[in-house]
Structures are given as structure tokens and as C-alpha cells.
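Here's the letter readout for the chains.
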Amino acid sequence: MELPIPAALMPRHVAIIMDGNGRWAKAHGMPRAWGHRQGVVALEPIISLCGAWGIEALTLFAFSTENWARPKDEVAQLMGLIVEFFNKKIDELDQKGVCIRMLGDLAGVPQVQRETARQAMERTKNNAGLKLNIALNYGGRQEIVRAAQRLAAKCASGEMTPEDIGETAFEGELYTSGLPMVDLLIRTSGEERLSNFLLYQCAYAEFVFVKENWPDFSPAVFAAALDAYARRDRRFGKV
Ligand code: FPP
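Predicted model, so just to flag it, every value in this text is computed and none were measured.

## Observations concerning the packing of aromatic side chains
Taken as a whole, this structure holds 12 aromatic pairs when the rule is applied. Members of the aromatic cluster, joined through ring pairs, are Trp53, Trp214, Phe217 and Phe222.

So, in C-alpha cells, the structure goes:
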């Protein structure tokens, strides 16, 4: 598929809230887990296109710190899909030069997910292609509080002083350390909320909300979202 917008206008960092899997499944008379499974199917071409279109980073909201409150079997199914995704796709992603990073508190996820994710990160850490970030057990407030704690600990140990804390130092303690800030945030299913995703990193992001549920998020819908983004006048607080 050809570039939907000029390369110079491509966002460097796209973040996606893949919403509406449950509603999609219900509309098809299927269990919610089927919606999540079809969500992974929808995801695969989007990852490839990000690489092909020269997008530097793609960040996906796979599982929030609040999602543990879902029914136990749905949590288990989502966790299962994560492992299945890595097991099935890691060779191809590695061959394409994708560099995988997990965002979130991995200590709080079951051992098999933690270990699979750790191996994927380790295997792809030197790859120079698309930076694919998967937020798992992630919360934006938790990330900010964690950064503050880490800076406080460095001050307490004498490694730095409070005067050293600026945006650069703060950003260095976020899970997204070293990544560009989010340029484009896409949320599917018609919901128009940030839901505790990348609170700091979305300070100047453009938001594009699309009506399709995530399993219906096709390359054409992605291209349309990029086109909407490219038409925005980004001023970053200036005139
Ligand atoms: C929101 O839909 C979606 C999620 C909570 C999970 C998204 C996760 C995946 C698509 C799988 C992730 C896997 C990888 C490998 C990244 P919802 O269930 O809240 O939908 P609803 O609002 O219609 O109920």
C-alpha cells in the first residue's frame, strides 16, 4: 500500500487505544474473547504498515492496570493472546527489524507473560526498525508516580539534586524513555477518552477518534486517520 500522506508529514509516534472488541463480538453474536482474538488479527497489518511507512514508534494499549477487574476468564484470555502473539510473530517481527519494548509494571503480570515479553525484548533490543511498544499492566498515573519515586530515590542517594529535575530527567524515568512524544493518538469504537494512557506523552498529541470497533480497523481506516492527522495545524502553544 502506498504512503497515504507525504513522508515529511508522517507522525513519528502513533499510539492506539484498540477499543470495541467486546462490542464487535456482541454484534457478531460471539463471545467477547472472539473480539479480542480478531483484534490481534486486525493488528498485524497495522504493525507492518507502520514499518513500511517509516513511522518510528507504535505504542499499543494491550492491558491496563484497571483491566484486572474484568471477569477472570476474559483476563486469562487476554493474557493468553499476548503469549500467543509473541510465540507466533516473534520470528517475523525480528526479521523485519522491529524492536519490542513493554510499557508497564511487568512484575505484576503472570510469570509466563513476563518471561515471554522479556525474551522478545531481549531478542529484538538491537533492531533498528519500528519501535513497537506494548503497554501491559500499564497506567499513566502509575507511570508518572513511578518516575517521581525514581527521581526522589536518586536525590536521596545523592546521585542528583532536586534542581537537576527538569523535563529531560523526568522523561528519562518514564517507560517511554528515549522515544519521541506521541504525535497521533487513535482510539477506535467512537469513545473519546484517554483512559489513563500515556498522560505525559500525549501533551501535544493530535487525537483522532474513529467509529470502527478495533477488529474493523483496516489499513484503509488507518490511512484515513493519518490523512486527518496530516491536515491538522499543530502549533504547540505558539501562534
Ligand atoms: C478494548 O476492547 C480492548 C482491550 C481491553 C484489549 C485490547 C487487546 C488486544 C486487541 C490484544 C492485545 C494483544 C497484543 C498482542 C498487543 P473492549 O473489550 O473494552 O471492548 P468493549 O468496550 O466493546 O467492551
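## A look at the nonpolar core
With 49 residues, the main nonpolar core has Ile16, Leu58, Phe86, Ile100, Leu132 and Phe222 as its most contacted residues. With nine residues, the single largest contributor to this core is helix α3 (residues 72–95). Leaving out residues up to four positions away in the same chain, isoleucine 16 has contacts with Ile46, Leu58, Thr59, Leu60, Phe61, Ile186, Phe197 and Trp214.

## Some words on the pattern of salt bridges
Scanning the model with the defined rule gives 25 salt bridges in all. Arginine 123 is the salt-bridge partner of aspartate 94, the closest N and O atoms lying 3.0 Å from each other. Of the two residues, aspartate 94 is situated in helix α3 and arginine 123 in helix α4 (residues 111–124); the sequence distance between them amounts to 29 residues. For arginine 123, a relative accessible area of 40% puts it in the partly exposed group. Each member of the salt-bridge network shares a partner with another, and the members are Asp19, Arg23, Arg187, Glu191 and Arg193.

## Structural notes on the layout of surface pockets
By volume, the largest pocket amounts to about 650 Å³. Counting residues per element, the ones that place at least two in the lining of the largest pocket are α1 (21–27), α2 (32–52), β2 (57–64) and α3. For the lining of the largest pocket, the residue count by class is 15 nonpolar, nine polar and six charged. Counted as a void, the second largest pocket has a volume near 150 Å³. In terms of lining, the second largest pocket is formed by Arg101, Met102, Arg146, Arg150, Gly172, Glu173, Leu174, Tyr175 and Ser177. Contributions of two or more residues to the lining of the second largest pocket are made by β3 (99–103) and α5 (140–156).

## Things to note about the confidence of the model for the protein
Looking at the protein as a whole, the pLDDT averages 97, with 100% of positions reaching at least 70. Least confident of the elements in the protein is α3, whose mean pLDDT is 97; most confident is strand β1 (residues 13–17), at 99.

## Brief notes about the site of the ligand
Neighbouring the ligand are 16 residues, the closest being Met18, Gly22, Arg23, Arg32 and Arg70. Note that an oxygen atom of the ligand is positioned 3.3 Å from one of the backbone N or O atoms of glycine 20. Within the contact set of the ligand, an oxygen atom lies 2.8 Å away from a side-chain nitrogen or oxygen of arginine 32. Here the ligand has 620 Å² of accessible area as a free molecule, and 91% of this is covered by the chains. The site holding the ligand turns out to be the largest pocket. If you list the elements that add at least two residues to the shell around the ligand, you get α1, α2 and α3. Ranked by residue count, the leading element in the shell around the ligand is α2, at four residues. Across the shell around the ligand, the residue classes break down as seven nonpolar, five polar and four charged.

Conventions and cut-offs
- Residues numbered from 1 in each chain as written.
- Predicted model: local features only at pLDDT ≥ 70, side-chain atom pairs only at ≥ 80, totals over all residues.
- Heavy atoms only, no water.
- Phe/Tyr/Trp six-rings, centres within 6.5 Å; stacked < 30°, edge-to-face > 60°.
- Core = buried A, V, L, I, M, F, W, Y, C linked by side-chain atoms within 4.5 Å.
- Buried < 20%, exposed > 50% of the residue type's maximum accessible area, 1.4 Å probe, protein only.
- Helix = DSSP H or I, 4+ residues; strand = E, 2+ residues; numbered from the N terminus.
- Contact = heavy atoms within 4.5 Å.
- Salt bridge = Lys/Arg side-chain N within 4 Å of Asp/Glu carboxyl O.
- 1 Å grid on protein atoms, 1.4 Å probe; cavity = no way out; pocket = protein on both sides within 12 Å on 5 of 7 lines; lining within 4 Å.
- Points joined across faces, edges and corners; volume = space filled by probe spheres on them.
- Nonpolar A, V, L, I, M, F, W, Y, C, P; charged D, E, K, R; others polar.
- pLDDT = per-residue confidence, 0-100.
- Near = heavy atom within 4 Å.
- Polar contact = N/O pair within 3.5 Å; in protein donor to acceptor, adjacent residues only side chain to side chain.
- Areas by Shrake-Rupley, 256 points an atom, 1.4 Å probe, with all protein chains shown as cover.
- Sits in = over half its atoms within 2 Å of the grid points.

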